[in-house]
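Chains, contacts and geometry: an overview
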Amino acid sequence: MSQPVSQFISSLAKEFRENQITQSGEEFDLLSKDPAVNAIQPAAFVFPESTEQVQALVKTAALFGVKLWVYSTGKNWGYLNTGGSQGAVVVLLNRMNKIIHVDDDLAYAIIEPGVTYADLSRFLAEKNHPLWTDSPGGPPSGSVIGNALDRGVGVTKYGDHFAHLCGYEVVLADGALLQTGVASEGGMKGAAHLYKWGVGPYIEGLFSQSNFGIVTRAAIWLMRKPEDYAIFSLNIKDDETLARGMDEVRELMLSGIVHETGRFSNDVAILTLLTQAINEDGLSPSKAIDREQLSRLKRKYHVPGWTCSFAVYGPKRMVRASVQEAKSRLRRLAPGVRVSVYSRKWAYVLRRFFTAAGRVRSPSLLKLIDYCCRKWFDTSLALGKLFPGLIDIHEGKPVETVVRRGYFRHKKARPEKDIHVGRDDVGVLWSVPVLPFKGDEVVAFSKECELLFEKFNFDFYTTTMIFNARSVCPLMVILYDRLDHEEGKRAERLYSAILDLSHKRGYQHFRAGINGWKNLYQSCPELKKTNQKIKAALDPLGILAPGRYGID
């Protein structure tokens, strides 16, 4: 440990309890495990418990020249949740976990950064608030504020998390406290948490995907619990039909018939939720699936080429009208698309059925249930078991279902619960370019990326996330063995190749981890220069996460 860090820790010991600082031991080792390539082990972890302690931290760090990397709960898996520079100290805000206020009339909650999706969802249910939050499909222990600041997305009509975060309390690099809106009585009165734009230049965006300050409190807008909803599920045969399906869904959204959010997942993305390479004959965790193996697995689990899901929410009559119009339009895509719609009532019936089926142990009975699923629902029992999680996430409930995908190439059996890719040495990288919502363009780019995955020997996992009626993100997941140095480097080269291709086509990534920061602005250097000027003004000593998102 360097002398400045040692002096920093000694100085903190005067104001922080012993259990608020860790430099070694089991907790330190677990927190230091990071699924991202090139993560750097920090010198220490510090756990402030109040805004005042955060202010003390940054002032002390400035005094000794120590770099701070700040995270809400440290579950930013695949992007970075440890150190990004040598000799840095990681600050975790997970002990700042108060739900300060919930307003049922205006549907929002004021929270601290340590509040997780599981915390907020449970609180709303237990206190009988008629409100839902939106969940990103990441770990339930992930931070609501942290995910929103990094512009994570979910699947309900409140799926743009940053768009629904409002009224920040921010600790700046010099320890000063900034309120981004005007309110009284600690934010309980006024509109600071209700109107994002304030007056003058928009400030809150400066603290998203940046290193300009530390958000210690904010409001998250919540979704009114709807009277009814319907979940659409589209099984799509091939790429040509996929392009037409995307265009039809786009027009449904532009017309206001359905909400502007949803997913198109390829066959590999679905298979990673159902099985692992170690459980399938002929598959190796060290080799990508070939086309023959993929076809065999698709037949085994009854997985289509592409699967799309989205939902509509609201009063029963409105939902019924939206479903009727959407179904009539989507059926024009037949025979290449099978359209299923699950009302709230029908979804509950299927959730109970597949939850009960998951408890069956008799091989003969399981075989019979699978046969009935294929005959009646055009699905398999294995796919049906994912249905309860699909319903939960469309109700804004945090689930571990989607996080399980990271273990597909893992050489050990994935846990049934308490998923923790860091602890289990699972390697994950996310490549997330933003494209126009045009079916032919998305399909063409996806095919180019699939060739890159084949070149570097990785399974082509992609889920196209609908951001709005005009833009989408073909999210591509690179799954690798974190303990295999060569495979990690190969994963990094694949990530760089996709980033280069994206920029060549004019597509910027909407989010990035440590592997993408260096080349993030290669097609827009003037943007980096502007960000550097802001950094120099707000953090002239470079205390907060130097290099994060390419901002030194």
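Details of the structure are given in the entry above.
Residues numbered from 1 in each chain as written. Predicted model: local features only at pLDDT ≥ 70, side-chain atom pairs only at ≥ 80, totals over all residues. Heavy atoms only, no water.

So, the side chain of His161
Under the convention used in this document: We count a stretch as a helix when DSSP gives it H or I for four or more residues in a row; a strand needs E for two or more, and each element gets its number in order from the N terminus. Each residue gets one of three labels from its accessible area relative to the maximum for its type: buried under 20%, exposed over 50%, partly exposed in between, using a 1.4 Å probe on protein chains only. Note on definitions: a residue-residue contact is assigned when non-hydrogen atoms from the two residues lie within 4.5 Å.
Locating His161 in the fold gives a position in the loop between α5 (144–149) and β8 (165–172). Here His161 falls in the buried class, since its relative accessible area comes to 4%. Not counting residues within four places of it along the chain, the set of residues in contact with His161 comprises Tyr117, Asp134, Ser135, Pro136, Asn147, Ala148, Gly152, Val153, Gly154 and Ile220.

Digging into the packing of aromatic side chains
To keep things clear, this is the line we draw: Classification of ring pairs rests on two measures: the distance between centres of Phe, Tyr or Trp rings, Trp counted by its six-membered ring, which must be within 6.5 Å, and the angle between planes, read as stacked under 30 degrees, edge-to-face over 60 and tilted in between.
Under the counting rule described, the total for this entry stands at 17 aromatic pairs. Judged by centre distance (5.1 Å) and plane angle (90 degrees), the rings of Phe445 and Tyr507 are edge-to-face. One end of the pair, Phe445, is in helix α14 (residues 439–455); the other, Tyr507, is in the loop between α15 (485–505) and α16 (525–538), and 62 residues separate them in sequence. Using a relative accessible area of 8% as the deciding quantity, one classes Tyr507 as buried.

Concerning helix α13 (residues 387–394)
Among the 8 residues of α13, 7 are classified as buried, and the element is accordingly described as predominantly covered. Along α13, the residues classified as buried are Phe387, Pro388, Gly389, Ile391, Asp392, Ile393 and His394. Those residues of α13 that are buried lie in contact with β7 (131–132), β14 (228–236), β16 (306–314), β17 (337–343), α10 (344–357) and α12 (381–384). Within two residues after α13, Gly396 carries a phi angle of roughly 80 degrees, on the positive side.

Some words on the sheet that holds strand β12 (residues 213–221)
Our working definition: For two strands to be treated as a pair, DSSP must find at least two bridges joining them. Helix axes are fitted to C-alpha atoms over the stretch in contact, other axes to C-alpha atoms as well, and angles between N-to-C directions run from 0 to 180 degrees.
As summarised here, the arrangement of the 5 strands in space is β5-β6-β12-β8-β9, forming an open sheet in which the pairing is antiparallel. The open sheet is flanked by β5 (99–103) and β9 (177–179), the only strands paired with a single partner. For this sheet, the mean inter-axis angle between neighbouring strands, taken without regard to orientation, is 15 degrees. The strands touched by helix α3 (residues 51–64) within the sheet are β8, β9 and β12, with β8 carrying the most contacts at an inclination of about 45 degrees. Against the sheet, helix α4 (residues 117–126) touches β5, β6 (108–111) and β12, its axis set at about 50 degrees to β5.

Some remarks on the nonpolar core
The test is simple: Buried Ala, Val, Leu, Ile, Met, Phe, Trp, Tyr and Cys residues that are joined via side-chain atoms within 4.5 Å together make up what is termed a nonpolar core.
In terms of nonpolar packing, the biggest core is built from 92 residues, with Tyr168, Leu234, Val249 and Phe264 touching the most fellow members. Not counting the four nearest positions on each side in its chain, Tyr168 is found in contact with Leu149, Phe162, Leu178, Gln179, Thr180, Lys196, Glu204, Phe207, Val215, Arg217 and Ala218. Grouped together as the second largest cluster of nonpolar side chains are 35 residues, Ala277, Leu283, Tyr301 and Tyr461 included.

Concerning the environment of Val339
Examined against the element boundaries, Val339 turns out to sit in strand β17. Note: C-alpha distance between Val339 and Cys308 (31 residues apart in sequence) is 9.4 Å. Ignoring anything within four residues of it in the chain, the contact list for Val339 reads Ser233, Leu234 and Leu330.

Some remarks on the sheet that holds strand β1 (residues 21–22)
Strand order in the open sheet formed by 4 strands is β1-β2-β4-β3, and the pairing between neighbours is mixed. Edge strands, defined here as strands with exactly one partner in the open sheet, are β1 and β3 (68–71). Bridging between β1 and strand β2 (residues 44–46) involves 2 bridges; their strand directions are antiparallel. Bridged to Thr22 within β2 is Phe45.

Topic: empty space enclosed by the protein
Keep this limit in mind: We place a 1 Å grid over just the protein atoms. Points where a 1.4 Å probe fits but has no way out form a cavity, open points with protein on both sides within 12 Å along at least 5 of 7 lines form a pocket, and any residue with an atom within 4 Å of a point lines it. Grid points are joined across faces, edges and corners, and a volume is the space filled by probe spheres set on the points.
Under the counting rule described, the total for this entry stands at 5 cavities of 30 Å³ or more. Its volume calculated, the second largest cavity comes out at about 90 Å³. The wall of the second largest cavity is formed by 13 residues, among which Arg409, His410, Tyr480, Asp481 and Glu487 lie closest to the centre. Contributing elements (two or more residues each) for the lining of the second largest cavity: β18 (426–431) and β21 (471–481). Top contributing element to the lining of the second largest cavity by residue count: β21, with 3 residues.

Focus: the packing of helix α6 (residues 239–254) against helix α9 (residues 316–330)
Our working definition: We call two directions roughly parallel when the angle between them is under 35 degrees, roughly antiparallel when it is over 145, roughly perpendicular when it lies between 65 and 115, and oblique otherwise. Should the near helix be turned counterclockwise from the far one by less than a right angle, the crossing is left-handed, whereas a clockwise turn marks it as right-handed. Any residue outside Ala, Val, Leu, Ile, Met, Phe, Trp, Tyr, Cys, Pro, Asp, Glu, Lys and Arg is labelled polar, Gly included; the first ten of those are nonpolar and the last four are charged.
In contact at an axis separation of 10 Å, α6 and α9 are set at 155 degrees when each is read in the N-to-C sense. By the angle between their axes, α6 is roughly antiparallel relative to α9. For α6 against α9, the interelement crossing comes out right-handed. Of α9, the residues touching α6 (which contributes Glu248, Val249, Glu251 and Leu252) are Ala326, Arg329 and Leu330. Tallied by class, residues from the contact of α6 with α9 come to 4 nonpolar, no polar and 3 charged.

Let's talk about a positive patch on the surface
Note the threshold: Patch members must show over 30% relative accessible area and no salt bridge, and they are joined within 9 Å when carrying like charges or within 5 Å when they are nonpolar side chains of Val, Leu, Ile, Met, Phe, Trp or Tyr. Each accessible area value is a Shrake-Rupley result obtained with a 1.4 Å probe; residue values ignore everything except the protein chains displayed when judging cover. Put simply, a salt bridge is a Lys or Arg side-chain nitrogen that is within 4 Å of an Asp or Glu carboxyl oxygen. Here the positive residues are Lys and Arg and the negative ones are Asp and Glu; neither His nor the chain ends is included. Note that the charge is assigned to NZ on lysines, CZ on arginines, CG on aspartates and CD on glutamates.
Residues Lys316, Arg317, Arg320 and Lys345 make up a contiguous surface patch of positive charge. Top contributing element to the positive patch by residue count: α9, with 3 residues. Mapped onto the secondary structure, Lys316 falls in helix α9. Taking the relative accessible area as the measure of exposure, Lys316 reaches 42% and is therefore partly exposed.

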